[in-house]
Protein chains: 2
Amino acid sequence: MAEKPYQLVVSRTRTVEEHVLDVLEVFNKGTQEVEIKGYGREIDKVADVYNAIKDRLGDGVSLEGTSIGSETKDRRRISYLLLRLKRIY
Amino acid sequence: MAEKPYQLVVSRTRTVEEHVLDVLEVFNKGTQEVEIKGYGREIDKVADVYNAIKDRLGDGVSLEGTSIGSETKDRRRISYLLLRLKRIY
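What counts and what doesn't
- Residues numbered from 1 in each chain as written.
- Chains lettered and ligands numbered in written order.
- Predicted model: local features only at pLDDT ≥ 70, side-chain atom pairs only at ≥ 80, totals over all residues.
- Heavy atoms only, no water.
- Least-squares fit on C-alpha atoms with pLDDT ≥ 70 in both.
- Contact = heavy atoms within 4.5 Å.
- Buried area = accessible area lost by both parts, 1.4 Å probe.
- Salt bridge = Lys/Arg side-chain N within 4 Å of Asp/Glu carboxyl O.
- Polar contact = N/O pair within 3.5 Å; in protein donor to acceptor, adjacent residues only side chain to side chain.
- Helix = DSSP H or I, 4+ residues; strand = E, 2+ residues; numbered from the N terminus.
- Pairing = 2+ DSSP bridges.
- Axes fitted to C-alpha atoms, helices over the stretch in contact; angles between N-to-C directions.
- UniProt positions renumbered as here; feature names shortened; annotations may be inferred.
- Right-handed = clockwise from strand over helix to strand, strands pointing away.
- 1 Å grid on protein atoms, 1.4 Å probe; cavity = no way out; pocket = protein on both sides within 12 Å on 5 of 7 lines; lining within 4 Å.
- Points joined across faces, edges and corners; volume = space filled by probe spheres on them.
- Nonpolar A, V, L, I, M, F, W, Y, C, P; charged D, E, K, R; others polar.

Asks: Tell me about the relation of the copies chain B and chain A, residues and numbers included.
Replies: Each copy superposes on the other: chain B lies on chain A with an RMSD of 0.0 Å after a rotation of 180° and an axial shift of 0.0 Å. Such a combination of turn and shift is consistent with a two-fold rotation axis. When C-alpha positions in chain B are compared against the rotation axis, the closest is assigned to Asp44 of chain B, at 2.8 Å. Interface residue correspondence from chain B to chain A reaches 100%, placing this contact among same-surface, isologous pairings.

Laid out in structure tokens, this is it:
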């Protein structure tokens, strides 16, 4: 069974750099795939975290998939963006 | 030569509904493909506009492509999200 990707949900209370560190740490521990997910106002931070990781790892990481949709949270429909990243080397 | 898709850049000063109306108007005039692009803080509005269009058109519109990256604007690197939508029927 393929290893379940590690999912990082972007939070308002943490900086882009802190999220990037989380992802690099997970990759360093050998995890191949990471999902970065953000809801509503945090969706732009998902893009920022992704770009910051690309800046550091370049071709060492690839964007495997993108998912955009909405979920019901606290009885309200809220948009989300999910990026699936794969460690290349 | 394939018709160049109409590009809508999401703006801070307009509501999600106004952007959705723009897209529906363009589709009604026969344009097949629309790109919705947002920078920085407006990236989450791109997702909101997309979800609102999906709510209204359902399977009548499909997400053909997603592009995430960063550009230099006013000497600052800023993230962007671009969605390419296609009118199905």
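Let us keep going from here.
Asks: An account of the interface of chain B and chain A is needed here, citing residue identities and associated values.
Replies: Chain B puts 17 residues into the contact, and the matching count from chain A is 17 residues. Across the interface of chain B and chain A, roughly 1,400 Å² is buried in total on both sides, 55% from carbon and sulfur atoms. Of all residues in chain B, Asp44, Asn51 and Ile68 of chain B give up the largest surface area on contact with chain A, accounting jointly for 37% of the area buried on that side. Across the chain B-chain A interface, the total number found is four salt bridges. With a shortest N-O distance of 3.1 Å, Arg41 of chain B and Asp44 of chain A are connected by a salt bridge. Between chain B and chain A we count ten residue pairs in polar contact (both at pLDDT 80 or more) in total. Elements supplying a minimum of two residues to the side of chain B that touches chain A: helix H2 (43-57), strand S3 (61-73) and strand S4 (76-87) of chain B.

Asks: I'd love a proper account of the sheet that holds strand S4 (residues 76-87) of chain A, names of residues and values included.
Replies: All names here are of chain A. Here we have four strands laid out as an open sheet, ordered S1-S2-S4-S3, and mixed in their pairing. The sheet is open, and its two borders are formed by strand S1 (6-9) and strand S3 (61-73), each paired with just one other strand. Here the average twist between neighbouring strands, direction ignored, is 20°. Pairing of strand S2 (residues 33-39) with S4 involves seven bridges; the strand directions are antiparallel. Within S4, the residue paired with Glu35 across the bridge is Arg84. Lying over the sheet, helix H1 (residues 16-28) contacts S1, S2, S3 and S4, oriented at roughly 175° with respect to S1.

Asks: Go over the UniProt feature "domain: DNA/RNA-binding protein Alba-like" (unreviewed entry) in chain A, please, and point to the residues and values.
Replies: Per the UniProt record, "domain: DNA/RNA-binding protein Alba-like" (unreviewed entry) is annotated on residues 9-64 of chain A. Between the C-alpha atoms that bound residues 9-64 of chain A there is a distance of 17 Å. The span itself is 50% helix and 21% strand.

Asks: Account for the pairing of S1 of chain A, naming residues and giving values.
Replies: Residue and element names in this part refer to chain A. Here S1 runs beside S2; their pairing, made up of four bridges, is parallel. Opposite Leu8, over in S2, you have Ile36 as the bridge partner. Following the chain from S1 across H1 to the adjacent parallel S2, one finds a crossover that is right-handed.

Asks: Before we move on, can you summarise unusual backbone geometry with the specific residues and values?
Replies: Backbone geometry places Asp74 of chain A, a non-glycine residue, at a positive phi of 50°. Secondary-structure assignment places Asp74 of chain A in the loop between S3 and S4.

Asks: Residues and numbers for the layout of surface pockets, please.
Replies: A water-sized probe, rolled over the atoms, reveals where empty space remains. Counted as a void, the largest pocket has a volume near 280 Å³. Around the largest pocket, the lining is made up of 14 residues, and of these Val16, Glu17, Asp48, Ala52 and Asp55 of chain B lie nearest the centre. Contributing elements (two or more residues each) for the lining of the largest pocket: S4 of chain A together with helix H1 (16-28) and H2 of chain B. In terms of residue class, the lining of the largest pocket is made up of six nonpolar, three polar and five charged.

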